[in-house]
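Examination of the molecular architecture
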Amino acid sequence: MRMLHVRLPVVVLMLVLAIGTTRTAPAAPAAGVLRIGIDVDAGTLDPRLANDTTARRVIEQVYDGLLELDAQLRPRPALAESWTQASPTSWVFKLRRNVRFHDGTPLTAADVVFTYTTILDPALRAPLRGLYLPITRVEAVDNETVRFTLSAPYAPLLKYADMAIVSRAAVERLGAEYASRPVGTGAYKFVSWQRNSRIVLEANPDSWRGRPKLNQVIFNIIPDNTTRAAALESGDVDLIHSPLSPQDVARLRGSPRVTITQMTGLGITYLNMNMMDPIVRDVRIRRAIAHLIPQTTIVRQIYREMDRPATSVLLPAWSGVFTDEIVQPGHDIARAKALLAEAGWTDSNRDGVLDKDGQRLALTIRTHSEDPNRIQVVELLISILRSSGIEARAEITEFPALVGALLAGNYQVVLVGWLGLVDPDRGMFNQFHSKGTQNWEKYNNPRIDALLDEGRQKADPTERARIYRDVARVIATDLPYYVLTYQGYIVGVNRRVQGFVPNPSGSFRSLWTTSVP
Amino acid sequence: MSPLPLPRMVRYTTRRLLLLVPVALGAAVITFVLLLLLPGDPAIALLGQEASGPEIARFRNLLGLDRPVPIQLGLYLWRMARGDFGRSITLDAPVLRLILSTLPATLELAIFSITLAVVGGIPLGLLAARRRGTAVDTTTMLLAQLGVSMPVFWLGVLLILLFAVKLNWLPSFGRGAPLVAALVSGNAGLIMDSLRHLILPGFTLAFFNLALLSRLTRWALLEVLEEDYVRTARAKGQRERIVLYRHALRNALLPIVTIVGLQFGNALGGAVVTETIFGWPGMGRLVVQAIGQRDFPVVQGAVLVLALLFSLFNVLVDLTYAFIDPRIRYG
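Residues numbered from 1 in each chain as written. Chains lettered and ligands numbered in written order. Predicted model: local features only at pLDDT ≥ 70, side-chain atom pairs only at ≥ 80, totals over all residues.

This brings us to the overall build of chain B. Of the regular secondary structure elements, chain B holds 15 helices and zero strands. Based on the C-alpha atoms only, the size of chain B along its principal axes is roughly 85 × 55 × 40 Å. Pairs at least 24 residues apart make up 73% of the contacts formed inside chain B by residues separated by at least 6 positions. (Helix = DSSP H or I, 4+ residues; strand = E, 2+ residues; numbered from the N terminus. Contact = placed C-beta atoms within 7 Å.)

Let's shift gears to the overall build of chain A. Check the secondary structure of chain A and you find 15 helices and 19 strands. Taking 24 Å as the expected radius of gyration for a compact globule of 517 residues, we find that chain A reaches 26 Å, a close match to that expectation. Oriented by its inertia axes, the alpha-carbon framework of chain A measures out at about 90 × 75 × 40 Å. Evaluated residue by residue, chain A yields a buried proportion of 49% over its 517 residues. Sequence separation of 24 or more characterises 67% of the internal contacts of chain A that already satisfy a separation of 6 or more. (Rg over C-alpha atoms; globule rule 2.2 N^0.38 Å. Buried ≥ 20, exposed ≤ 12 C-beta atoms within 10 Å, placed from the backbone.)

Moving on, we come to the nonpolar core. Judged by nonpolar contacts, the single largest core of 238 residues is most densely connected at L66, L314, L315, V471 and Y482 of chain A together with A302 of chain B. With 17 residues, helix α10 (residues 188-225) of chain B is the single largest residue contributor to this core. The residues touching A302 of chain B, leaving out its near neighbours within four places in the chain, are I99, M283, L286, V287 and A290 of chain B. (Core = buried A, V, L, I, M, F, W, Y, C linked by C-beta atoms within 7 Å.)

All names here are of chain A. Sheet topology places strand β8 (residues 188-194) next to strand β9 (residues 198-203); six bridges connect them, and they run antiparallel. From the neighbouring strand, K189 faces β9, where its bridge partner is E202. Turn length for the β8-β9 hairpin, with the two strands adjacent in sequence and antiparallel, is three residues, and the turn residue N196 shows positive phi of about 60°. Bridge count between β9 and strand β10 (residues 216-221): five bridges; the pairing is antiparallel. Within the sheet, the bridge partner assigned to R198 lies in β10 and is N220. (Pairing = 2+ DSSP bridges.)

Residues and elements named next belong to chain A. Pairing in this open sheet of four strands is antiparallel, and the strands run β4-β5-β7-β6 from one edge to the other. The two strands at the open ends of the sheet, each matched to only one other strand, are β4 (80-87) and β6 (135-142). Averaged over neighbouring strand pairs, the angle between their axes works out to 20° when direction is ignored. One ladder, built from five bridges, connects strand β5 (residues 90-95) with strand β7 (residues 145-150); its direction is antiparallel. Along β7, the bridge assignment pairs F93 with V146. Sheet strands touched by helix α3 (residues 109-120): β5, β6 and β7. Its angle to β6, the strand with the most contacts, is close to 170°. (Axes fitted to C-alpha atoms, helices over the stretch in contact; angles between N-to-C directions.)

Of note, T115 of chain B is situated in helix α6 (residues 95-130). The sequence separation of T115 of chain B and V260 of chain B amounts to 145 residues, and the corresponding C-alpha distance is 9.6 Å.

Residues and elements named next belong to chain B. When pLDDT is averaged along chain B, the result is 85, and 94% of the positions lie at 70 or above. Within chain B, the element-level pLDDT minimum falls on helix α3 (residues 42-47), averaging 70, and the maximum on helix α8 (residues 152-166), averaging 94. Interface confidence for the predicted complex, given as ipTM, is 0.85, next to a pTM of 0.88. (pLDDT = per-residue confidence, 0-100.)

A separate point is unusual backbone geometry. Residue and element names in this part refer to chain A. Following S242, the chain continues to P243 via a peptide bond in cis, the omega torsion being 5°. Non-glycine residue R350 carries a positive phi angle of around 55°. Within the secondary structure, R350 sits in the loop between α10 (333-342) and β14 (355-356). Phi at L479 is positive, roughly 55°, even though this residue is not glycine.

All right, on to the environment of A164 of chain A then. All names here are of chain A. If you trace the backbone, A164 turns up in the loop between α4 (157-160) and α5 (168-174). For A164, a count of 25 C-beta atoms within 10 Å puts it in the buried group. When the C-alpha atoms of A164 and E60 are compared, they prove to be 7.6 Å apart, with 104 residues separating the residues in sequence. Once you skip the residues sitting within four places of it in the chain, A164 turns out to touch P47, I59, Y63, D64, G65 and G184.

The next point concerns α6 of chain B. An α-helical turn contains 3.6 residues, so a residue and the one three or four places further along point in the same direction. When the terminal C-alpha atoms of α6 of chain B are compared, their 50 Å separation across 36 residues agrees well with the 52 Å that a helix rising 1.5 Å per residue should span. Along its length, α6 of chain B shows its largest kink, about 30°, at T102 of chain B, and proline P104 of chain B lies within four residues downstream of that point. (Expected span 1.5 Å × (residues − 1). Bend = angle between axes of the 7 residues up to and from the residue.)

Here the focus is the confidence of the model for chain A. Per-residue confidence for chain A averages 92 on the pLDDT scale, and 94% of its residues sit at or above 70. Taken element by element, the predicted model of chain A shows its lowest mean pLDDT in helix α1 (residues 4-20) of chain A (57) and its highest in helix α8 (residues 283-292) of chain A (98).

This part is about the environment of P461 of chain A. Residue and element names in this part refer to chain A. Relative to the assigned elements, P461 resides in helix α15 (residues 461-478). Residue P461 is classed as exposed on the basis of its 12 C-beta neighbours within 10 Å. Separated by 36 residues in sequence, P461 and D425 place their C-alpha atoms 13 Å apart.

In structure tokens, the structure reads:
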């Protein structure tokens, strides 16, 4: 009789094979159900507090804003069917009639007032409160009309009016639980949320948009990029999007079951140069650094062309504003060395490191540990800087520690990014205005301040374009930022899915017309 | 063999359980101190790049992070003693609810993987010891060497690409129906769903432990098989099966049981790589994410629960010694 040590593993192996081979066909999407693979779990589903991409994707389905942005980032009606600018500092929005929240209560102007008033209340700690500070009052003119009064003309207001409208009654009824039991007006209703596992939504047949074509939308949380790509390839999910590994994208392109769409998104990867640092504050040093960066090589070898080499702080998605005629310093090692020499840095003691007045030219480039591509970029830059006589070192920390360093000004150069830059104001005001809340580099240029203030107030698109191009021209010269890439946005979809329209902002708004036959 | 002296065992067990209190206190204080030493704080983590100095200061005030450290520690210990784990800063939910929603998944994966490791590792080690010096022994030990050398993330991805993508036999991610509930219900479909989702992450987590156990079993058995009483048993004509299982294996079990106990503890809190690769909604991922986001209440609560669970399991392991080895008596 065979020993147990032989029989038992054989039995287990046979059991595993039996279980495994019960599924012999590729998993196909169930009709009417869209399974999305997403990288992080939502932190909260209260739209006023949401600060991660998954929360925003879910909130887009469960809620509506007064407006929404199309693929060209143009505002279009949503809960507001029309709007007028009564004066330079006053906007009036007319709400759509007969819209109900998922609990059956009617949407009224009071809900809009409640939403924006609470966002502006510091006690709520809304992460995006800064975008709405020019709003001094929100009031209900009548049940279907809302007036926004501003402290000064504010051109980006319409771009930011896609903020989801919450149900005042539900918030007051549910309190803190509202964050995990959202009640909105959107095309899909919230069903369930298993933390770190999945969020399930179902169709709202009474949606003001009409009944969605999908019965159910399931957000599956799959943190690993390769597993998410494998899940799409195997048919376990139907839709995935950035972040994705370049190697996985290359493999997915070859899959007959999958369609890959690639576009330039609304994010940038950039070097933030600390203007308060004794070394980096010298513009010649910043330009020398810029001249040393092999931008095309980085995009090709590290980002595998998923991102695009950037030319300036203007994003290609800002149509009418973007121009590739404004260009940052390009890769030019000779010019970099000349600038360093001009700034007085020479290798006086022939130890291979440039020095000046007894001080070595030391530079630390920081980035965060969560993005392997950025770590590779920093490592490459370190080796390039060292070969040019700069004593460069890398410092890689977790994101909260990096942001802490940025806030404290405790850095020389940081490689980091911005996402969701729907408007030039979003991408420039807080970053470059001397009073900007994200001006960590402490850039201070009165001309830029004046231009950015003007850009907020001008409604005419041609005027705004001129203003922001002027800002970009100065930034490309002064270099508080060196923009490395325009981040790509990639969507992978099972070919059976129909009607999904990718949006460079990463929005899933088109899900209400998406179907899985 | 004489029966276990129950009153002594009850006394011993009670004493060990009471020792959990200082364990919990120690874990709580150490976690608190370590979190304080980390750069970055919850305000920055929550507000992210939108953070501004005044917003952060306001947030720190709301969270009580601007209070003196001894007061923060005192309040924290007082809350823990009352079972109040607080609310997650980044996930906006009660910490206890988050722990209770993720702990079953972690326990399920840990127990499944340890079972696989034991069911696979010990017999393999037995086989290698029995066939010492043969091709079977060499092959088994080569496999074991592979197991202890292979990085978990690499093995996991490999298994997904093979079994989920190429062969399409198993799902690539996620947890199916909870196994215990499925077994209780007797619903074959649910049981299959649960097992199918468990196999890949379970094996990924188990492989290292399986390899380690096979090597340890082989070593422990070879030691014991050289003993005089084993030679005597063979000389008396005992069947090899009896020699192996009644005399040799039983005496080799003590170090094996110890390692299994430690491996279970590792599986409880250290399965974060496996959980991340397979999208398994367990506590490992919850804790690591919370550390990255400086979500102090979640880290503190989860570490405390894991420390208590690990200690409880070690009490069980210690009690098992008394069953295995009649020379061991507690009191």
